[in-house]
Amino acid sequence: MKQDYAVRIDPVLAAGLDRTKAAADVCRARQTLEHGSGPGAASTGWLELPARIEPELDRLEEVAADLRRHEAVVVVGIGGSYLGARAVIEAFAAPFDPAPKVLFAGHHLDARYHRALLERLSGADYAVNVISKSGTTTEPGCAFRFLWDDLGRRGDRELASRVVATTDRARGALRELADAHGLRSFEVPDDVGGRFSVLTAVGLLPVAVAGIDIRALLAGARGMMERLRDPAADSPDTNPALAYAAFRLAAFRAGKRVEVLSTTAPHLGCLAEWWKQLFGESEGKGGQGLFPAALSLTTDLHSLGQWMQDGPRIVVETALDVVWEQPLAIPAMEGDRDGLGHLAGRTVHDVNRIALAATLEAHRDGGVPCCRLEIDRLDASHLGALLYFFEYACGVSAYALGVNPFDQPGVEAYKKNMHRLLG
Ligand code: PA5
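Description of the structure in this document. (Residues numbered from 1 in each chain as written. Predicted model: local features only at pLDDT ≥ 70, side-chain atom pairs only at ≥ 80, totals over all residues. Heavy atoms only, no water.)

**Considerations on the pairing of strand 6 (residues 184-188)**
Thinking step 1. Taken together, the 5 bridges between strand 5 (residues 163-168) and strand 6 define a ladder with parallel strand orientation. What sits directly across from Thr166, in strand 6, is Phe186. (Pairing = 2+ DSSP bridges. Helix = DSSP H or I, 4+ residues; strand = E, 2+ residues; numbered from the N terminus.)

Here you go:
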């Protein structure tokens, strides 16, 4: 399938980075990923997912259609068990939807949110998709208890028909609970870690419940998989993931410590959150890794723009540029009191893209090397391609830094302390 997708690393925008040495290193890192010869190789099942998940799609769609009959579906999960689904759902959500089909819980411990959720669900016809690979994570465990308690009051049959578990195939508390109560369930594959699981039932079930075409999402991911894994695509010139990984590696070696992902639409905010987790948890080990941060343009130009332009020069910027968006022309206004009369008749998306180009140029001039990721449009297929692109680039990039992309030993430190403090 045709992928209208490009990574533009304009040498002028990326000025100041030596990408030649980095290019050779990311090519070697790609071999490590492809040959399964690096640390964590047992967790690289996601590489094949767009093709491998196919046989599960009928059942996923069937269960999603059943869940959609309910007024709302609460998706309970955190980190990799939540961010991917939310990123996709929010990318396509109507901005002013007063009653979204999918609600999220289990991604924090805020009391006010949980109370409001229970009030919103009180007496409502709702279902739950609880997602946890380990089945022992505190935040979803806490949120799920409220919902389980609420549905439990409605009787055992309600629990069995309204709760769907996505968890490990054989192990863990959630698997035991699902088996004990005859809940419908989906598996998180053994060889796919949380933050690489968006193209499994972890992401696909909630996404399908939201009415998004998961087959198109996977078709896009598959097209990208074939493109990036093509043996002939073995250099940054022919493989956009290698180009992006080389940009990041060169940036880190040049002393940059922060990578900002700039998006140009509020509905892409959660995609940036997913990206932050993907790179942050995969690379931030042993003193390595760019700190992933995000800007939502043009909103944040009026808050963080000053820092970007003139703060410590430890930052690089990656901008997601969506070429096509629905045309919406800006109307003329009588007089020209604000001096913005020249906007009349231009589409707002056109102005948005010009703002992005102007921003990158300004940041480059301010000493921020920039990389532009261009996608032709934002639909399910292009988003699927983008998700796979980031995953692949992340695997390569982490190996190029010499870290295991697939573990997260640092996350245990706070958990250990919390369990101690909770007694
Ligand atoms: O990427 C990861 O592995 C983590 O972010 C996990 O997804 C997150 O901690 C949730 O874990 P679990 O699915 O076991 O509840």
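**Description of helix 12 (residues 269-283)**
An α-helical segment advances 3.6 residues per turn. Residues three or four places apart therefore align on the same side.
Thinking step 1. Along its 15 residues, helix 12 runs 21 Å from first to last C-alpha, staying within 8% of the 21 Å computed at 1.5 Å per residue.
Thinking step 2. Within the sequence span of helix 12, burial applies to Cys270, Leu271, Ala272, Trp274, Trp275, Gln277, Leu278, Phe279, Ser282 and Glu283.
Thinking step 3. Contacts from the buried residues of helix 12 go to helix 4 (83-92), helix 11 (240-253), strand 7 (258-263), strand 8 (291-296), strand 9 (315-324) and helix 15 (380-401). (Expected span 1.5 Å × (residues − 1). Buried < 20%, exposed > 50% of the residue type's maximum accessible area, 1.4 Å probe, protein only. Contact = heavy atoms within 4.5 Å.)

**Some points on the sheet that holds strand 5**
Thinking step 1. Strand order in the open sheet formed by 5 strands is 3-2-4-5-6, with parallel pairing between adjacent strands. Both outer strands of the open sheet, strand 3 (102-105) and strand 6, are each paired with one neighbouring strand and no more. Between one strand and the next, the sheet's axes are offset by a mean angle of 20°, whatever the strand orientation.
Thinking step 2. Of the strand pairs in this sheet, strand 2 (residues 72-76) and strand 4 (residues 126-131) are connected by 5 bridges, and their pairing is parallel. By the bridge assignment for strand 4, Val74 is matched with Val128.
Thinking step 3. On top of the sheet, helix 3 (residues 57-68) reaches strand 2, strand 4, strand 5 and strand 6; it is set at about 135° to strand 6, its chief contact.
Thinking step 4. Along the sheet face, helix 9 (residues 201-209) touches strand 2, strand 3, strand 4, strand 5 and strand 6 and points at about 160° away from the line of strand 4. (Axes fitted to C-alpha atoms, helices over the stretch in contact; angles between N-to-C directions.)

**Comments concerning the side chain of Arg86**
Thinking step 1. Along the polypeptide, Arg86 turns up in helix 4.
Thinking step 2. Within the local environment of Arg86, its side chain forms a polar contact with the side chain of Glu90, the two groups lying 2.7 Å apart. (Polar contact = N/O pair within 3.5 Å; in protein donor to acceptor, adjacent residues only side chain to side chain.)

**Some remarks on the packing of helix 3 against helix 9**
Thinking step 1. It is the contact of helix 3 with helix 9, at a shortest axis distance of 8 Å, that shows an interaxial angle of 45°. Viewed along their axes, helix 3 and helix 9 adopt a mutual orientation that is oblique. Taken as a pair, helix 3 and helix 9 cross one another with a handedness that is right-handed. For the pair helix 3 and helix 9, contact is made by Leu57, Leu60, Val63, Ala64, Leu67 and Arg68 and by Ala201, Leu204, Leu205, Ala208 and Val209, respectively.
Thinking step 2. Here the residues of the contact of helix 3 with helix 9 are counted per class, giving 10 nonpolar, no polar and 1 charged. (Parallel < 35°, antiparallel > 145°, perpendicular 65-115°, else oblique. Left-handed = near helix turned anticlockwise from the far one by under 90°. Nonpolar A, V, L, I, M, F, W, Y, C, P; charged D, E, K, R; others polar.)

**So, the pattern of salt bridges**
Thinking step 1. A full pass over the atoms with the stated rule returns 35 salt bridges.
Thinking step 2. Between Lys21 and Asp25 there is a salt bridge; the shortest N-O distance is 2.5 Å. With a gap of 4 residues between them, Lys21 and Asp25 both fall in helix 1 (residues 19-35), about one helical turn apart.
Thinking step 3. With relative accessibility at 47%, the residue Lys21 sits in the partly exposed group.
Thinking step 4. We note a salt bridge from Glu158 to Arg162, for which the minimum N-O separation is 2.5 Å. Highlighted residues: Glu158 and Arg162, both in helix 7 (residues 156-162), separated by 4 residues, approximately one helical turn.
Thinking step 5. Judged by its relative accessible area of 23%, Glu158 is partly exposed.
Thinking step 6. Taken together, the salt bridges that share partners define one network made up of Lys21, Asp25, Arg28 and Arg253. (Salt bridge = Lys/Arg side-chain N within 4 Å of Asp/Glu carboxyl O.)

**Structural notes on the packing of aromatic side chains**
Thinking step 1. On inspection of all chains with the given rule, the structure shows 15 aromatic pairs.
Thinking step 2. The interplanar angle of 50° and the centroid separation of 5.5 Å between the aromatic rings of Phe144 and Trp148 together place this pair among those described as tilted. Linking Phe144 with Trp148, this pair stays in helix 6 (residues 138-152), spanning 4 residues, or about one helical turn. Here the two residues Phe144 and Trp148 agree in accessibility, since each one is buried.
Thinking step 3. Summarising the aromatic geometry, the rings of Tyr399 and Phe406 are spaced 6.2 Å apart at their centres and angled 80° between planes, so their arrangement reads as edge-to-face.
Thinking step 4. Among the aromatic residues, those joined into a cluster by ring pairs are Trp46, Phe196, Tyr388, Tyr392, Tyr399 and Phe406.
Thinking step 5. Seen from the ring of Phe186, Arg59 lies directly overhead, with NZ or CZ sitting 4.2 Å from the centre. (Phe/Tyr/Trp six-rings, centres within 6.5 Å; stacked < 30°, edge-to-face > 60°. Lys NZ or Arg CZ within 6 Å of the ring centre and 35° of its normal.)

**Things to note about the site of the ligand**
Thinking step 1. The local shell around the ligand holds 13 residues, among which Ser81, Ser132, Ser134, Thr137 and Gln277 are the closest.
Thinking step 2. In the model, an oxygen atom of the ligand is placed 2.9 Å from a nitrogen or oxygen of the Arg195 main chain.
Thinking step 3. Contact between the ligand and Glu281: an oxygen atom at 3.0 Å from a side-chain N or O atom of the residue.
Thinking step 4. Bound to the protein, the ligand loses 88% of the 380 Å² it would expose on its own.
Thinking step 5. Considering only residue class, the shell around the ligand consists of 1 nonpolar, 9 polar and 3 charged. (Near = heavy atom within 4 Å. Areas by Shrake-Rupley, 256 points an atom, 1.4 Å probe, with all protein chains shown as cover.)

**Thoughts on the nonpolar core**
Thinking step 1. One finds Trp274, Phe389 and Phe390 to be the most contacted residues of the largest nonpolar core, which totals 98 residues.
Thinking step 2. Setting aside its immediate chain neighbours within four residues, Phe390 contacts Tyr244, Leu261, Trp274, Trp275, Leu278, Phe279 and Leu373.
Thinking step 3. The next biggest cluster of nonpolar side chains, apart from the first, holds 21 residues, and it includes Val74, Tyr126, Ala143 and Leu147. (Core = buried A, V, L, I, M, F, W, Y, C linked by side-chain atoms within 4.5 Å.)

**Some points on the environment of Ser37**
Thinking step 1. With respect to the helices, strands and loops of the structure, Ser37 is situated in the loop between helix 1 and helix 2 (49-52).
Thinking step 2. Leave out the neighbours within four places in its chain, and Ser37 touches Gln31 and Thr32.

**Structural notes on the pairing of strand 3**
Residues in a regular strand project their side chains so that they alternate between the two faces of the sheet.
Thinking step 1. Of the two faces of strand 3, the one carrying Val102 and Phe104 and the one carrying Leu103 and Ala105 are both buried.
Thinking step 2. Sheet topology note: the strand 2/strand 3 ladder contains 4 bridges and is parallel. Directly across from Val75, in strand 3, lies its bridge partner Phe104.
Thinking step 3. Chirality of the crossover, the property in question, places the unit of strand 2, helix 4 and strand 3 among those that are right-handed. (Right-handed = clockwise from strand over helix to strand, strands pointing away.)

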